[in-house]
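Geometric and topological summary
The chain contents come next:
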Amino acid sequence: MPIKTISAAQFATAFDLRPNLVAWFLGAGASAASGIPTGYAMIGDFKAQIFCRETNLSKREIDTADPIWIDRIDAFFRQTSLLPPDGDPTEYAKAFEAVYPEARHRRQYIDDAISKGSPCFGHNVLGSLMAAGKVDCVFTTNFDPLIEESAISANGVLPVGDQNRPTVAAINSADRAMRCLNESDWPLVAKLHGDYQSIAIKNTGSELEEQDNRMRHVLVESGQRFGMIFVGYSGRDASIMEALNEVLDAPSPFPNGLYWLTSSASRLLPAVIEFLGRAAAAGVDVAVVECTTFDELAADIVKITDLPKQLFDRVMEGRPTPRLVPVQLPITEARNFPVLRYSSLLIESMPRTARRVKLAQSATSPTIREILKERGVKATVAANGRELAVFGRDQEVVDALSSLGATLDGEIKLDPVVDSWAMGLIYDSLVRSLARRLPLIPRYKRSGHSVVIASPRDGEDREQARRNAQLLSNLRNAYKSELTGTVPGLGFPFQEGLFLKLDLINGRWWLGFEPYTFVHIPRVEVAQVGSLEHPENSSSDPMGARPERSGDPAGDWRRERWAQRYNRNWASIIAAWAQLLTDSGGETKRAFGLQDGAGIDALFEVSPVTGWSRPGHHHAYFDRTT
């Protein structure tokens, strides 16, 4: 039968009705916020010590917080039989005994770990509930004294006549627990594995095999009188789980419900899931309380439960500092001028649909592009199985793909947020539209697209050359140098250009552009740079470096070229590029310039104004003159 899951707030509401009818069971996780290592943390420490011992390494040489070292240590234990596998209920006990075979050494380890802790918010709340007479019984597998210290401290703020001081019973003082049980002399703190000051403490496999008979009896009898909430307990101890299962054999087990706190129900161990399932089958009201920490559960309880004012004030004084606190917002008027200019342009509109083309057989985007290129067809495509999304002339595309059984099939909606193929199609088309009718050459790469300035060509039409020079004049003035040429001393051709990126930010699409000097370095096996139209098989570096050699032979020249370009020069370059990219005579940017209805064109409206960042308020920093 499925086990219901409730929130901490829902548990707190139910708990507040009759808090005295619910006993508490605290495991190591309840003390984690107090600075005391959990069982999982201790297992990690024990494994690291065994790993160092077996591999003859110093513990100083490893970092147990580094995931790489954690994986390496876990892999070591998976290949050996030194410890039980991960998640085995006996893992903690076996690891502890393997590192510290002597009981006195284990006691010292526990003593050192406990000395680092202090009561957390959850301890203070539970201690105050005990002092207020709202919680009668607390069981714990922890050796630390935090819960009793919290209860004693809480009693200290109450008048003597209103105090409810707890009786603390460990495995070497189980008679106290028996007396409390027989005489209903509450509150009781029962330490099932012993107190850190006790000579007898249970923490190894042989010690945990059998729970002390009297303490076990107290736990079983309490399970027949109270409901129970488990906090920070993993269920690793077979002896305790056996005692809890024994409760289920009684006529009325856990009469006020059974609650198990965990960050996620999926993290419960099989033994716990089996126990909760048995309890539910026995008619117990069972629920998993999903809550991250003991402190968060305590915070929900404090909101609802009525505590005496002295105790409430004491608890709230010790609460953790909230992550979000109110702050006084600046009220002085902000400055008008922009502080930072972004090299990005707002895409005010983009295509919402493309032509749908059906194929008789599946094909990939690179295959389709190669076929169109061979037939001299200009189109932008994205393949999705036997379906294509296309921008370009319909008939030319269908004719070129006739061998694949291509047919027109209406239009297809584009959602670049959801569909990566739609994002790629729009990205490709945007780059094509920006370069169209400008002296720019688009470069399509899987790593990111770019455009570069077209170098003058021999035999170029004189009027076209003049027009190109006019279009590039602002950019040339901003760079204060030629935009194309050859690298001195190397002879490699270079072209100024841009890396282009399409990003969705706060629900709006932006074209980011980064100026860069592209150097064309020939590869050893290929004499010239590959095709500019989707060089899918080319491994050339878009940054201009040669993969067969170490480093970038033109790197020093490129860095020197940009070293003297400071903020004012950069601002001019960004402005000139923005002007060039959006210079369309007031018309929408078109990828193909289709006007006759022969196909679907990719249309973009790009703002000519770059993004700006303004100060949110005035500050003396903005008064600087240098």
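Per chain, the residues get numbers from 1 upward, laid out in the order the sequence is written. Only residues with pLDDT of at least 70 are given local features in this predicted model, and only at 80 or more are side-chain atom pairs given and counted; all residues enter the totals for whole chains, interfaces and linings. Excluded from the side-chain calculations are hydrogens and water; all other atoms, namely the structure's heavy atoms, are used.

**Observations concerning the packing of aromatic side chains**
Centre distance within 6.5 Å is the pairing criterion for rings of Phe, Tyr and Trp, where only the six-membered ring of Trp is used; planes under 30 degrees apart are then read as stacked, over 60 as edge-to-face, and the remainder as tilted. Within the structure shown, the criterion is met by 22 aromatic pairs. Plain terms: the ring middles of phenylalanine 11 and tryptophan 24 are 6.4 Å apart, the flat faces sit at 80 degrees to each other, and that makes the pair edge-to-face. With phenylalanine 11 in helix H1 (residues 8-17) and tryptophan 24 in strand E2 (residues 22-26), this pair connects stretches of sequence that are 13 residues apart. Tryptophan 24 carries the same exposure label as phenylalanine 11, and that label is buried. For the ring pair phenylalanine 51 and phenylalanine 76, a centre distance of 5.3 Å and an interplane angle of 80 degrees mean the geometry is edge-to-face. With phenylalanine 51 in helix H2 (residues 39-55) and phenylalanine 76 in helix H3 (residues 67-78), the pair connects residues that are 25 residues apart, well separated along the chain. Aromatic rings pair up to connect Phe25, Phe230, Tyr233, Phe254, Trp260 and Phe275 into one cluster. Over a ring means this: the NZ of a Lys or the CZ of an Arg is within 6 Å of the ring centre and within 35 degrees of the ring normal. Over the face of the ring belonging to tryptophan 69 we find arginine 72, whose NZ or CZ atom lies 4.4 Å from the ring centre. Lying over the aromatic face of tryptophan 562, arginine 565 brings its terminal NZ or CZ to 4.5 Å of the ring centre. Numbering of helices and strands runs from the N terminus, with a helix taken as a DSSP run of H or I at least four residues long and a strand as a DSSP run of E at least two residues long. Three labels apply to residues, based on accessible area from a 1.4 Å probe with only protein chains included: buried if under 20% of the type maximum, exposed if over 50%, partly exposed otherwise in between.

**So, the environment of leucine 192**
In this structure, leucine 192 sits in the loop between strand E5 (188-191) and helix H9 (205-208). Classification of leucine 192 as buried rests on a relative accessible area of 1%. The sequence separation of leucine 192 and arginine 216 amounts to 24 residues, and the corresponding C-alpha distance is 8.1 Å.

**Considering helix H20 (residues 555-563)**
Buried within H20 we find Gly555, Trp557, Arg558, Arg561 and Trp562. Looking straight down H20, one finds its buried side chains confined to an arc of 165 degrees; they lie on one side. Along H20, exposed side chains directed more than 90 degrees from the buried face belong to Asp556, Arg559 and Glu560. Where H20 is buried, its residues touch helix H19 (473-479), strand E17 (493-505), strand E18 (508-519) and helix H21 (567-581). Arc, as used here, means the arc of the directions from the helix axis to the C-beta atoms. Only heavy atoms enter the contact rule, under which two residues are in contact if any of them lie within 4.5 Å.

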